[in-house]
Amino acid sequence: MSNLIGGFDSPTQAAQLKLVLLQRALSNKIQISKEALALLLQSTNPSSQLEQLIQKVKQNNEFVILPKHFIHFSTPPSKPPQSFKSIEIVHDYITTPPVGNLKDMANYFANRLLQFKKHLQPRLSNLHSIANIQKASNEKMSVIGLVMDKRKTKNGNIVLEVEDLSGVGKVIISRGELLVQADEILYDEVVGITGTASKGVLFAEEITEPDLPVKREPKFTKETAYAAFISDVHVGSKRFLQDNFENMLDFISGKGESILLESQQEIIDNLKYIFVAGDIVDGIGIYPGQEKELSMPNIYAQYKETARLFAKIPEHIQIIACPGNHDYVRLAQPQPPVEREVAPEMYELPNLTFISSPGVVRVRPFENENTALTTLLYHGTSIDTIVPNVSSLKDGYKHPEKVMLSLLKKRHLSPQYASGTVPSAHTSDPMTIPEDIDIIHTGHVHSNGILNYRGVSLINSGTWQGITDFQKFLGHEPTPCRMPVMNLKNRQIKLLSFE
Ligand SMILES: [Fe+2]
Ligand SMILES: [Fe+2]
């Protein structure tokens, strides 16, 4: 490749690329304006940008790619200066190389299988490849496979089709206690099954999930340090509960007017971090009729107002924020960080770091502190695909912590491949949950939920938005204006109410 803008070698190649891009857009029933095509040709990877633009235009129910749609393809931001590095970004997915073809997709799932095999293998005895199910005659065995299909029979049994690199096999689950566990199995997740193989079927006796090690202890910092968790602020919505939000900001700034308990003063004195799990603003064009619910129908104005509010947070408190489905980034997961061009005023805040969703940061509140706690921020978009598919998690909007626990045991934030996930050509799957994790913070469902499991604190932080007509229609029951705060020294969580 030469150094010409757009990376073309000759005018002929440029013309060919132009044609390919136009054809690709037309095959999606999308047109590209002349100006937008010129911008596209100047980009470093026109094909991948076009895919993202098509997706964005479709999401907005539009038909023409215009220059305005390029807004978030700018250079990633620089990090704010810090005297002492109390946060370290472990995973931040700024760009996601898309899967190019079916072979890439097959590789993606083969990698997923291999990755989870590593967790499952040591815990299974008599491990066989799935092809051996066909050959076995009344033989005890374990297999590790990717769930290709799952169905319930008339008599209440669950039949799985599982696949590994050797082939596809049938698993029947008929035991009562196993059926409860099998109910949570999703398409495309990797499970271990132990049972008896006979006549080409594996009759399951045990289901093993990737999960975390049983004897996993929580980590604690030496000194008291607090982290607060918020999400779904929805600035720009008419239902944004601004007075309550500002009361919270006053509280953490020590400007609250109410008489404080000693324990509350301790929080104010030691609050070091605020994690924000997405839906920072209400966005525009997110759901049908949203324009009627907006107090600010302009995305820049929404982020500018958020910056004004966040500026009230004392500078010694680090704010780490990931995007949600209402933020101005692509919907496909992993969602990249909110970009400087759309939220310039927020980038002026010296204590704010935007990361991707999911994104992982390690926090170490004091310079002399040996323990760092690893926090995974994820907006929680996949909860929408799990609640309708798992009968035991039907109340997942009210109890998001149950869904989070189910995901933690699967060690994957979005196991079921859906159009909302970019499998991507990353060498590792961005949606997997690493073993070295202490806190998982999500939002999206607007309800509080907290649970501790094997040393991990699972926190869904609720919302700062009153219920919308759309949420009423969906049957959601938000718990607005409650903020979980955790003392990292003992990992205890308090729920502060600003209702
Ligand atoms: Fe939200
Ligand atoms: Fe959301």
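A brief look at the structure comes next. (Residues numbered from 1 in each chain as written. Chains lettered and ligands numbered in written order. Predicted model: local features only at pLDDT ≥ 70, side-chain atom pairs only at ≥ 80, totals over all residues. Heavy atoms only, no water.)

Examining the coordination of the iron ion (ligand 2)
Around the iron ion (ligand 2), the protein supplies Asp279 (OD), Asn325 (OD1), His379 (NE2) and His444 (ND1) as donor atoms, at distances of 2.1 to 2.2 Å. Note that the iron ion (ligand 2) binds four donor atoms; their angles at the metal cover 87 to 162°, and the shape is irregular. Written as a sequence motif, the donor arrangement for the iron ion (ligand 2) is D-x45-N-x53-H-x64-H. Its relative accessible area of 12% is what places histidine 444 among the buried residues. (Donors = N, O, S within 2.8 Å, 3.2 Å for Na, K, Ca; no water. Tetrahedral: all angles 85-135°; square planar, octahedral: opposite > 155°, others 65-115°. Buried < 20%, exposed > 50% of the residue type's maximum accessible area, 1.4 Å probe, protein only.)

Things to note about the packing of aromatic side chains
Applying the stated criterion across every chain, the model contains nine aromatic pairs. Taken together, the aromatic side chains of Phe240, Phe245, Phe251, Phe310, Trp464 and Phe498 make up a single cluster linked through ring pairs. (Phe/Tyr/Trp six-rings, centres within 6.5 Å; stacked < 30°, edge-to-face > 60°.)

With respect to empty space enclosed by the protein
Evaluated as defined, the whole model comprises four cavities of 30 Å³ or more. Roughly 60 Å³ of volume is contained in the largest cavity. Lining the largest cavity are Tyr378, Ile383, Met404, Leu407, Leu413, Ile433, Ile440, Thr442 and Leu458. Elements with a minimum of two residues in the lining of the largest cavity: helix H12 (400–410) and strand E15 (439–442). Of the residues belonging to the lining of the largest cavity, the class tally is eight nonpolar, one polar and no charged. One number sums up the size of the second largest cavity: a volume of about 50 Å³. Every residue along the wall of the second largest cavity is listed here: Arg112, Phe116, Asp188, Glu189, Val190, Pro210, Lys410, His412 and Pro415. Looking at the lining of the second largest cavity residue by residue, the class counts come to four nonpolar, one polar and four charged. Of the residues that make up the lining of the second largest cavity, three or more belong to each of domain 2 (87–97 + 217–497) and domain 3 (102–208). (1 Å grid on protein atoms, 1.4 Å probe; cavity = no way out; pocket = protein on both sides within 12 Å on 5 of 7 lines; lining within 4 Å. Points joined across faces, edges and corners; volume = space filled by probe spheres on them. Helix = DSSP H or I, 4+ residues; strand = E, 2+ residues; numbered from the N terminus. Nonpolar A, V, L, I, M, F, W, Y, C, P; charged D, E, K, R; others polar. Domains from an automatic or database assignment.)

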